[in-house]
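These are the residues of each chain, in order.
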Amino acid sequence: MTEQSGKLGFDRYLVGEGGKRLFLFLFGGLLCAVGLYSNPVSESLIGLKLILIEPDYLISDYFHVGGRGASFINSGLLTLLFTAILVYYKIHIRGISIAAVFTVAGFAFFGKNLLNVWFILGGVWLYAWHQKESFLKFIYIAFFGTSLAPLVSQLMFGLHLPTPFRLAAGVVAGISAGFLLPSLAASFLSVHKGYNLYNVGFTAGMVGTLYVSLFRSHGFVPEARVLWSTGNNGLLLPMLLGMFLSMILAGFLLNGRSFKGLASIWAHPGRLLADFVDIFDFPPTLINMGLNGLLATSYLLIVGGDFNGPTLGGIFTVVGFSAMGKTPRNITPIIAGVVLGSLTKHWNLADPAIQLAALFGTTLAPIAGEFGWKAGILAGYVHSSVVLYVGVLHAGFNLYNNGFAGGLVAAMLVPLIEAFRGRETE
Amino acid sequence: MKYEQLVVSRIVSELMNFFFSMGAHDFSTHVLRDEKGFEICVESDYSGNPSSKIREMTRLLRMPRAREMEEYSWSLSGDISTGQEIYLVGIMTDDVTVEHDEEAGRVRISLTRLLE
């Protein structure tokens, strides 16, 4: 007879709380530094102003709107501020924390900015207050929920109404959207059973669809657009390679100069809530993040993609979620499914929407992790079609369009796969 | 949390799914509720030699409670069981004791979930 009792302490980790916080602050600091290096400060400040007043529904590349320097500073400052919020609430840094902060950082290159995110957070805070609960309990829903931030910007700066009405409309839309998210996010999880990693993206897609339907029936129909910059590879490629190689090296050193634990991470299916930092510790997770970053960057390079705001967002989101669900083993089949789609469908892998579909489509990685690579390829193949046509429902106001599409794909595919094939683990 | 009773029933369901997936034929549960919270006791047999799975289950059940993740993740538990969801049970409970009798092929788990 063996008996074990009590909860494990946080002292079991190779890297303490301070180290993980430092990592997130360093990441934000690096983004700010790249921004300061890219353009003169005065130029970046003008660019930052342009970013803040831009109606920034999909796809609005901030490199195109305000320049590289301003985009990096916007992303870096948001990263620092969101990390500071975690520290303020004394929240232990886990995989979900890293995923949330990296997702904010990534989307701060094409839709989230220093102005529009706070109204969503305010709405979630208001919900917590209404429920007499601590905001801490809803903090990740609030962080991921900033995917609806373009609602705020569009109403504040995209309507032809007197300024006070526009501002009030933006504030009300942002706060009300944030208020709706917490109660919906939990119930939408059961729709896809955690096989769509960007769950709040699925929820936000539903909320965005509701809002846009209301707007449309009042005569407001936003025009689709693609603001997409090119010619940034020279700066971004070395930066990304340096960043991901450093992650691998740091993880290796912190892990006692070994790759111990990495095989366990790769053996994990990755279904929500696969918190790799909590379950397997930070150093092997950091190695996994670096490797997935290299994989995503290499893919983009091979298909002749553009390194710009949106694709940088895609890469950072892949890297962030490599602390919570994504591994090279489960994202490769999804990307392969998108590549397969290019052989039978009428688009090219270098098309902007398809570049994003391949990167963000890895939201479906748990399908490959759980049911095998064939199911993963099928999911990627189907997703690359669905994601192109569901954006019209929320008019690009939900930045996690792939999370929305991924939720629909998972909700359809998973029950079918389970019915006809069963799980590989059984 | 608003859905305390539902969370507890999901925890029981999760553990039941887990032990059924390990070939259990005799699973019993006992839940005590008072003003402080819930005490969940589970006892089950299993088939075969799943020692490594029991060790991993114990490790995941011993994960410290994470209140900041509950609203985001509680509805995932008790749905389908691949073994990894035991982590969710771990982060939704405050204390745990796992007794494993290898000779008899039985496991007894006591979990505590405190209210605010």
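Residues numbered from 1 in each chain as written. Chains lettered and ligands numbered in written order. Predicted model: local features only at pLDDT ≥ 70, side-chain atom pairs only at ≥ 80, totals over all residues.

A word on the overall build of chain B
Point 1. Within chain B one finds four helices and four strands.
Point 2. Each helix (α) and strand (β) of chain B, taken in turn from the N terminus, gives the series α-β-β-α-α-α-β-β.
Point 3. Over its C-alpha atoms chain B spans a radius of gyration of 13 Å, differing by no more than 12% from the 13 Å that the globule rule assigns to 116 residues.
Point 4. The dimensions of chain B, computed from C-alpha atoms along their principal axes, are 40 × 25 × 20 Å. (Helix = DSSP H or I, 4+ residues; strand = E, 2+ residues; numbered from the N terminus. Rg over C-alpha atoms; globule rule 2.2 N^0.38 Å.)

Things to note about the overall build of chain A
Point 1. Per the secondary structure count, chain A includes 20 helices and one strand.
Point 2. A compact globule built from 426 residues would reach a C-alpha radius of gyration of about 22 Å, and chain A, at 20 Å, matches this within 12%.
Point 3. If you line up chain A on its principal axes, its C-alpha atoms span 75 × 50 × 45 Å.
Point 4. For chain A, with 426 residues in total, the buried portion stands at 58%.
Point 5. For chain A, contacts bridging at least 24 residues in sequence account for 79% of all contacts bridging at least 6. (Buried ≥ 20, exposed ≤ 12 C-beta atoms within 10 Å, placed from the backbone. Contact = placed C-beta atoms within 7 Å.)

Focus on unusual backbone geometry
Residues and elements named next belong to chain A.
Point 1. The step from Leu-272 to Leu-273 runs through a cis peptide bond, and the omega angle for that step is 10°.
Point 2. Here Leu-273 lies in the loop between helix H12 (262–267) and helix H13 (276–280).
Point 3. Although it is not a glycine, Lys-132 adopts a positive phi angle of roughly 55°.
Point 4. Residue classification places Lys-132 among the exposed positions, given that 8 C-beta atoms sit within 10 Å.

Considerations on the nonpolar core
Residue and element names in this part refer to chain A.
Point 1. Counting 171 residues, the largest nonpolar core has Ile-141, Ile-367 and Ala-379 as its most contacted members.
Point 2. Sort the elements by how many residues they give to this core and helix H14 (residues 282–302) lands first, with ten residues.
Point 3. Not counting residues within four places of it along the chain, the set of residues in contact with Ala-379 comprises Ile-334, Gly-337, Leu-364, Ile-367, Ala-368, Val-409 and Leu-413. (Core = buried A, V, L, I, M, F, W, Y, C linked by C-beta atoms within 7 Å.)

A closer look at the interface of chain B and chain A
Point 1. Contacts between the two partners involve 28 residues from chain B, matched on the other side by 37 residues from chain A.
Point 2. Counting only elements with at least two residues in the side of chain B that touches chain A, the list comes to helix H3 (67–73), helix H4 (86–91) and strand E3 (95–101) of chain B.
Point 3. In terms of residue class, the side of chain B that touches chain A is built from eleven nonpolar, seven polar and ten charged.
Point 4. The pairing of strand E1 (residues 2–5) of chain A with E3(B) spans four bridges and is classified as antiparallel. Across the sheet, the residue bridging to A:Gln4 is B:Val98, located in E3(B). (Nonpolar A, V, L, I, M, F, W, Y, C, P; charged D, E, K, R; others polar. Pairing = 2+ DSSP bridges.)

Regarding the sheet that holds strand E1 (residues 27–33) of chain B
Think of a sheet as strands paired side by side through backbone hydrogen bonds, with each pair either parallel or antiparallel.
Point 1. What the five strands build is an open sheet, ordered E1(A)-E3(B)-E4(B)-E2(B)-E1(B); its pairing is antiparallel. Either end of the sheet is taken by a strand with one partner, and the two such strands are E1 of chain A together with E1 of chain B. Ignoring which end each strand starts from, the neighbouring axes of this sheet average 10° apart.
Point 2. Bridge count between strand E2 (residues 37–45) of chain B and strand E4 (residues 106–114) of chain B: nine bridges; the pairing is antiparallel. Counterpart to B:Cys41 in the pairing with E4(B) is B:Ser110.
Point 3. Its contacts with the sheet put helix H2 (residues 51–61) of chain B on E1 of chain A together with E3 and E4 of chain B, and the angle it makes with E3(B) is roughly 165°. (Axes fitted to C-alpha atoms, helices over the stretch in contact; angles between N-to-C directions.)

Remarks on the pairing of E2(B)
Side-chain positions along a regular strand alternate between the two faces of the sheet.
Residue and element names in this part refer to chain B.
Point 1. Relative to E2, E1 runs antiparallel, the two being bridged by seven bridges. Residue pairing for E2: Ser-28 is matched across the bridge by Glu-43.
Point 2. Here E1 folds back onto E2, and the loop between the two strands holds three residues.

Focus on the confidence of the model for chain B
Residue and element names in this part refer to chain B.
Point 1. For chain B, mean pLDDT is 90; residues scoring 70 or higher make up 94% of the total.
Point 2. When the elements of chain B are averaged for pLDDT, H3 gives the smallest value, 87, and E1 the largest, 97.
Point 3. Interface confidence for the predicted complex, given as ipTM, is 0.90, next to a pTM of 0.94. (pLDDT = per-residue confidence, 0-100.)

Quick notes on helix H2 (residues 41–52) of chain A
An α-helix turns once per 3.6 residues; consequently, residues spaced three or four apart project the same way.
Residues and elements named next belong to chain A.
Point 1. Helix length check: H2 (twelve residues) gives 16 Å between terminal C-alpha atoms against 16 Å at 1.5 Å per residue, within 8%.
Point 2. Here H2 has its buried residues at Ser-44, Gly-47, Leu-48 and Ile-51. Each buried residue of H2 lies within a common arc of 105° when the element is viewed along its axis, so the set occupies one face. Within H2, the exposed residues directed more than 90 degrees away from the buried face are Ser-42 and Lys-49. (Expected span 1.5 Å × (residues − 1). Arc of directions from axis to C-beta.)

Here's the deal with the packing of helix H17 (residues 352–360) of chain A against helix H19 (residues 373–394) of chain A
Helix packing geometry: the angle between the two helix axes and the distance between the axes.
Residue and element names in this part refer to chain A.
Point 1. Between H17 and H19, whose axes approach to 10 Å, the crossing angle comes to 125°. With respect to H19, the element H17 is oriented oblique. Along this stretch, H17 crosses H19, giving a crossing that reads as right-handed. When H17 is examined against H19, the residues Ala-353, Ile-354 and Ala-357 are found in contact with a partner set consisting of His-383, Ser-384, Val-387 and Leu-388.
Point 2. Tallied by class, residues from the contact of H17 with H19 come to five nonpolar, two polar and no charged. (Parallel < 35°, antiparallel > 145°, perpendicular 65-115°, else oblique. Left-handed = near helix turned anticlockwise from the far one by under 90°.)

Comments concerning the packing of helix H4 (residues 68–88) of chain A against helix H5 (residues 95–107) of chain A
Residue and element names in this part refer to chain A.
Point 1. Taken N-terminus to C-terminus, the directions of H4 and H5 make an angle of 155°; their axes are 8 Å apart at the nearest point. Judged by the inter-axis angle, H4 sits roughly antiparallel to H5. Crossing handedness for the pair H4 and H5: right-handed. In contact with Ser-75, Leu-78, Thr-79, Phe-82, Thr-83 and Leu-86 of H4, H5 contributes Ser-97, Val-101, Val-104 and Ala-105.

Section: the environment of A:Asp56
Residues and elements named next belong to chain A.
Point 1. Along the chain, Asp-56 falls in the loop between H2 and helix H3 (62–66).
Point 2. Put simply, Asp-56 and Lys-112 are 56 residues apart on the chain and 8.1 Å apart in space, counted from C-alpha to C-alpha.
Point 3. Setting aside residues no more than four positions away along its own chain, Asp-56 makes contact with Gly-111, Pro-150 and Ser-153.

Notes on H17(A)
Residues and elements named next belong to chain A.
Point 1. Across the nine residues of H17, seven count as buried, placing the element largely inside the fold.
Point 2. What H17 keeps buried is the set Ile-354, Gln-355, Leu-356, Ala-357, Ala-358, Leu-359 and Phe-360.
Point 3. For H17, the elements touching its buried residues are H14, helix H15 (309–320), helix H16 (328–344), H19 and helix H20 (401–420).

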